[in-house]
Amino acid sequence: MFYGLSKFLKQLLPKQLFYRGLLIVALPIIILQITISIVFFDSLWIKTNIGMTRALVGEIKTFIDSYNKNGADKIFVENTFEEHLDIDVVYFQNKKFSNFMNEKWYSPIDRSLRRELKSKNLEYWFDTSKFKNTVNLKIKNESDYFEFFIPRERLTSTSVRIFALWITLPAILIVAIAIIFLKNQTRPIKKLAEASKKFGRGENISEFIPSGASEIRQAGYEFEKMRKRILRHLNQRSEMLSGISHDLRTPLTRMKLQLALINDKNLVDRFSSDIDEMEKMLNEYLQFSSEINKEQNENFEFNELIEKIISKFNNNIIEFNKSENLFFVGRKLSIQRCLTNLIENSSKFSNKIEINIQKLKSNILIFIDDNGPGIPIHERENVFKPFYKIDKSRSEKSSSVGLGLSISSDIIRSHGGKIELGDSKLGGLKVIISLPF
Ligand SMILES: Nc1ncnc2c1ncn2[C@@H]1O[C@H](COP(=O)(O)OP(=O)(O)OP(=O)(O)O)[C@@H](O)[C@H]1O
Ligand SMILES: [Mg+2]
């Protein structure tokens, strides 16, 4: 039960740190304000109003009794009352009195006035809202009636508006200050998340400058240290490999020259084909490593890119199911190279290829299916290793190097994506690429 409740609350709570922080600050303030307002309204304002109304009705009753007393100087009583109590009185003789009125049950002023007038057994009619600052009250006096014009402040304390103002203004001010502070506190976290996301996708980011509270700053420093370490490691690896590849070309060329001096034609042919293959491997690797380091990110349309790649192959065997416009930021040439490698593999082994592309909430999925022999499950990890070929006989037809899949997976992973192999419904291999955007 508690699990269900906490799940429900979690769904209700805002997801972003900024709004959560704001809620933590604003909620107690709002609860406090409501409590203070209720206490003030009930125990102070209403009670004060009741006291004031009771005093006023008492005064009016005293006036009426003095007025009605036998032999009373009516003009004197009326003048004294008007003069000292700041209430205007008009006496209507032989006028019909109707006590029909629109009762406003929700108004606390009306309620207390009604209650007090009733307790004094007076027949009355009043309107508290007809005039802005005056309450109009009529009281029956046998066949006549009195009409009173009473200043509103005699019935109610006007401090309620000032109180409401004073209670809401600081609250708004506190929340506004909290918004500014929270924005400043969450900005460094957002910056860090953005930098991590970009780095994870293989984008080039300039040096990350940590900012914000000490914990966030610490996380920023650690991120920057990790980023530099990874970059150093990557550079070291590719520099070493390019170095080796580059240096191997010289002895290979020398070997080629020396071959010319050998007389055995058969031996020369065998050696030179091996040397050619080695040279191809080196060139392929060197080309790849020089491309990947140079290229910058750009925004491109995925369907267009795939169509462009397909146009270079035999169109009759490839079926491409386009999707809606799909813009992506990445290293276009590298992605083109990756997809070319994969389609090339499929076209080498099959005569029917199907390419599908799909856009999900936060990533793009690309499926390449073929009707070739496929790759057995136990080989699916190995084929991604550099220079790995399943068996000679399969790829002998064209002189392949065994780098295609390893380069492709490198490219996809450097964009923060994933590449997987599976069984295709066409009977051959299914390559699934997922790229985050
Ligand atoms: N679509 C496919 N169907 C069946 N086997 C495949 C398919 N794609 C790749 N393979 C197997 O996986 C191995 C590795 O592929 P990879 O692309 O890395 O190398 P390659 O195609 O032999 O050489 P390169 O691409 O460097 O010219 C290939 O030798 C091949 O046996
Ligand atoms: Mg290949």
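First, a word on what this report is: a plain description of the structure on this page. Since the model is a prediction, treat every value here as computed from it, not as a measurement. (Residues numbered from 1 in each chain as written. Chains lettered and ligands numbered in written order. Predicted model: local features only at pLDDT ≥ 70, side-chain atom pairs only at ≥ 80, totals over all residues.)

What follows covers the sheet that holds strand β6 (residues 318-321). The five strands are arranged β6-β8-β9-β11-β10 in an open sheet whose pairing can be described as mixed. In this open sheet, the two strands that pair with only one neighbour each are β6 and β10 (418-423). Here the average twist between neighbouring strands, direction ignored, is 15 degrees. Here β6 pairs with strand β8 (residues 353-359) via four bridges, running parallel. (Pairing = 2+ DSSP bridges. Helix = DSSP H or I, 4+ residues; strand = E, 2+ residues; numbered from the N terminus. Axes fitted to C-alpha atoms, helices over the stretch in contact; angles between N-to-C directions.)

This part covers unusual backbone geometry. Unusually for a residue other than glycine, E142 sits at a positive phi of about 50 degrees. Here E142 is to be found in the loop between β3 (134-141) and β4 (144-151). The exposed category is assigned to E142, around which 8 C-beta atoms lie within 10 Å. If you check the backbone angles, F387 has positive phi at about 60 degrees while not being a glycine. The residue F387 is located in the loop between β9 (363-370) and α10 (392-395) in this model. The class of F387 is exposed, set by 11 C-beta atoms lying within 10 Å. (Buried ≥ 20, exposed ≤ 12 C-beta atoms within 10 Å, placed from the backbone.)

We now examine the environment of M278. Examined against the element boundaries, M278 turns out to sit in helix α7 (residues 265-294). A count of 15 C-beta atoms within 10 Å places M278 in the partly exposed class. Spatially, the C-alpha atom of M278 lies 8.5 Å from that of V401, the residues being 123 residues apart in sequence.

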